[in-house]
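Architecture at a glance
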Amino acid sequence: MKGTPSERDVLIVTDPQRDFCPGGALAVPDGDAVMPAINRLARRFAHVVLTPDWHPAGHMSFASAHPGGKPFDTIEVGYGPQTLWPDHCVQNTPGAAFHPALDVPHAELVIRKGYHPGIDSYSAFRENDRKTPTGLAGYQRERSFARVTLCGLATDFCVFFSAIDAREAGFETTVVLEASRAIDLDGSLGRALAAMREAGVELL
Ligand code: VGL
Ligand code: ZN
């Protein structure tokens with residue numbers, strides 16, 4: 001995002017939820033440290049969207065839903081490889097709530113993802129089958145938001161897949177690393193940063 005955010009800019013804050021922070025079910029190291037940075041960043045934007053992870057109990061991305069499945073294993077599903085996670089961000093549970101330090105009262109849209117029982121969704125634009133849209137790209141086009149700035153949790157999953165899809169949908173895309181933190185599973189952060197640069201995502 002070059003210069004001051006304008007009416008064409010939207011800030012997308014991914015997964016600023018308790019379960020992704022220390023003490024939560026799928027804690028990202030230092031995850032809670034992003035909240036003050038997100039709050040500061042959000043104050044500069046007229047338009048902000050929050051995209052929480054929002055899974056039904058027994059979701060297919062949960063290791064507990066697969067006999068013998070262990071968190072952080074990878075399995076093959078209909079749409080390809082899928083990492084298994086601890087149960088997290090279950091709809092209407094305390095872990096799925098926004099982190100109490102998140103302070104973005106002017107957010108205009110909350111778009112939930114991961115609610116289909118049989119499909120995971122890292123990206124805020126498209127689910128992990130790479131086909132099912134969330135509706136966010138259409139919302140942005142209708143609102144004339146041509147430039148997207150992304151931050152939140154986790155840099156190497158939700159933020160990463162959202163950034164790639166934002167580029168593919170034709171939006172100018174920036175990721176603010178200072179307001180994001182990574183899970184970094186087997187080098188996933190390094191791969192994500194390289195792929196984002198390759199796709200023309202600006203990394204700040
Ligand atoms: C995410 C793991 C599981 C993410 C969501 O959005 O980064 N990561 N569910
Ligand atoms: Zn999830």
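See the structure printed just above.
Here the structure is a predicted model, which is why all the values come from computation and not from measurement. (Residues numbered from 1 in each chain as written. Chains lettered and ligands numbered in written order. Predicted model: local features only at pLDDT ≥ 70, side-chain atom pairs only at ≥ 80, totals over all residues. Heavy atoms only, no water.)

1. Comments concerning the site of ligand 1
Around ligand 1 sit Asp15, Phe20, Leu26, Asp53, Trp85, His88, Lys113, Leu153, Ala154, Phe157 and Cys158, and that is every residue in its neighbourhood. The side chain of Asp53 places a nitrogen or oxygen atom 3.1 Å from a nitrogen atom of ligand 1. In this structure, an oxygen atom belonging to ligand 1 sits 3.4 Å away from a side-chain N or O atom of Lys113. Bound to the protein, ligand 1 loses 100% of the 250 Å² it would expose on its own. A breakdown of the residues in the shell around ligand 1 according to their chemical character gives 7 nonpolar, 1 polar and 3 charged. (Near = heavy atom within 4 Å. Polar contact = N/O pair within 3.5 Å; in protein donor to acceptor, adjacent residues only side chain to side chain. Areas by Shrake-Rupley, 256 points an atom, 1.4 Å probe, with all protein chains shown as cover. Nonpolar A, V, L, I, M, F, W, Y, C, P; charged D, E, K, R; others polar.)

2. Looking at the coordination of the zinc ion (ligand 2)
Here the zinc ion (ligand 2) is held by Asp53 (OD), His55 (NE2) and His88 (NE2), and the distances to it run 2.0 to 2.2 Å. Each of the 4 donor atoms bound to the zinc ion (ligand 2) contributes to angles spanning 89 to 167 degrees, and the resulting shape is irregular. In terms of primary sequence, the donors binding the zinc ion (ligand 2) are separated according to D-x1-H-x32-H. Highlighted residues: Asp53 in the loop between strand 2 (48–51) and strand 3 (74–77) and His88 in the loop between strand 4 (80–83) and strand 5 (109–110), separated in sequence by 35 residues. (Donors = N, O, S within 2.8 Å, 3.2 Å for Na, K, Ca; no water. Tetrahedral: all angles 85-135°; square planar, octahedral: opposite > 155°, others 65-115°. Helix = DSSP H or I, 4+ residues; strand = E, 2+ residues; numbered from the N terminus.)

3. Observations concerning the sheet that holds strand 1 (residues 9–14)
With respect to topology, 6 strands assemble into an open sheet ordered 5-2-1-6-7-8, the strand pairing being parallel. In this open sheet, the two edge strands, each paired with only one partner strand, are strand 5 and strand 8 (202–203). Bridge count between strand 6 (residues 147–153) and strand 7 (residues 172–181): 6 bridges; the pairing is parallel. When the bridges of strand 7 are listed, Leu150 appears paired with Val175. (Pairing = 2+ DSSP bridges.)

4. Some remarks on the side chain of Ser162
Summarising the element assignment, Ser162 is placed in helix 3 (residues 155–168). A polar atom in the side chain of Ser162 sits 2.9 Å from the backbone nitrogen of Ala124. Aside from chain neighbours lying at most four places away, what touches Ser162 is Thr14, Tyr122, Ser123, Ala124, Phe125 and Leu150. (Contact = heavy atoms within 4.5 Å.)

5. Focus: the pairing of strand 6
Of all 7 residues that make up strand 6, 7 are buried, and the element is covered over most of its length. Side chains Arg147, Thr149, Cys151 and Leu153 of strand 6 all project onto a buried face; the interleaved residues Val148, Leu150 and Gly152 project onto the opposite face, where all are buried too. Direction of pairing for strand 1 relative to strand 6: parallel, over a ladder of 6 bridges. When the sheet's bridge partners are listed, Asp9 is paired in strand 6 with Arg147. Assessed by its sense of winding, the connection that carries the chain from strand 6 through helix 3 to strand 7 is right-handed. (Buried < 20%, exposed > 50% of the residue type's maximum accessible area, 1.4 Å probe, protein only. Right-handed = clockwise from strand over helix to strand, strands pointing away.)

6. Regarding the environment of Asp53
The class for Asp53 is buried, based on a relative accessible area of 4%. Through-space distance from the C-alpha of Asp53 to that of Ser121 is 8.0 Å; in sequence the pair is 68 residues apart. For Asp53, the contacting residues outside a window of four places in its chain are Asp15, Gln17, Phe20, His88, Cys89, Lys113 and Ser121. A polar contact is formed between the side chain of Asp53 and the side chain of His88, at a distance of 3.0 Å.

7. Observations regarding the nonpolar core
In this structure, Leu11, Ile38 and Val48 are the most contacted members of the largest nonpolar core, which totals 30 residues. At the level of elements, strand 1, helix 1 (34–43), strand 2, strand 6 and strand 7 are the ones that each hand at least two residues to this core. Once you skip the residues sitting within four places of it in the chain, Leu11 turns out to touch Leu41, Ala42, Phe45, His47, Val48, Val49, Thr149 and Cys151. Residues Val49, Phe145, Leu193 and Val201 belong to the second largest nonpolar core, which totals 23 residues. (Core = buried A, V, L, I, M, F, W, Y, C linked by side-chain atoms within 4.5 Å.)

8. So, the packing of aromatic side chains
A complete count under the given rule lists 8 aromatic pairs for this structure. A centroid spacing of 5.8 Å and a plane angle of 90 degrees characterise the contact between Phe72 and Trp85, whose relative ring orientation is edge-to-face. Of this pair, Phe72 sits in the loop between strand 2 and strand 3 while Trp85 sits in the loop between strand 4 and strand 5, and the two are 13 residues apart along the sequence. Judged by its relative accessible area of 39%, Phe72 is partly exposed. Consider the rings of Tyr122 and Phe161, whose centres lie 5.3 Å apart with planes at 45 degrees: the pair is tilted. In this pair, Tyr122 sits in the loop between strand 5 and helix 2 (136–142) while Phe161 sits in helix 3, placing the two residues 39 residues apart along the sequence. Exposure remark for Tyr122: the relative accessible area of 11% places this residue in the buried category. (Phe/Tyr/Trp six-rings, centres within 6.5 Å; stacked < 30°, edge-to-face > 60°.)

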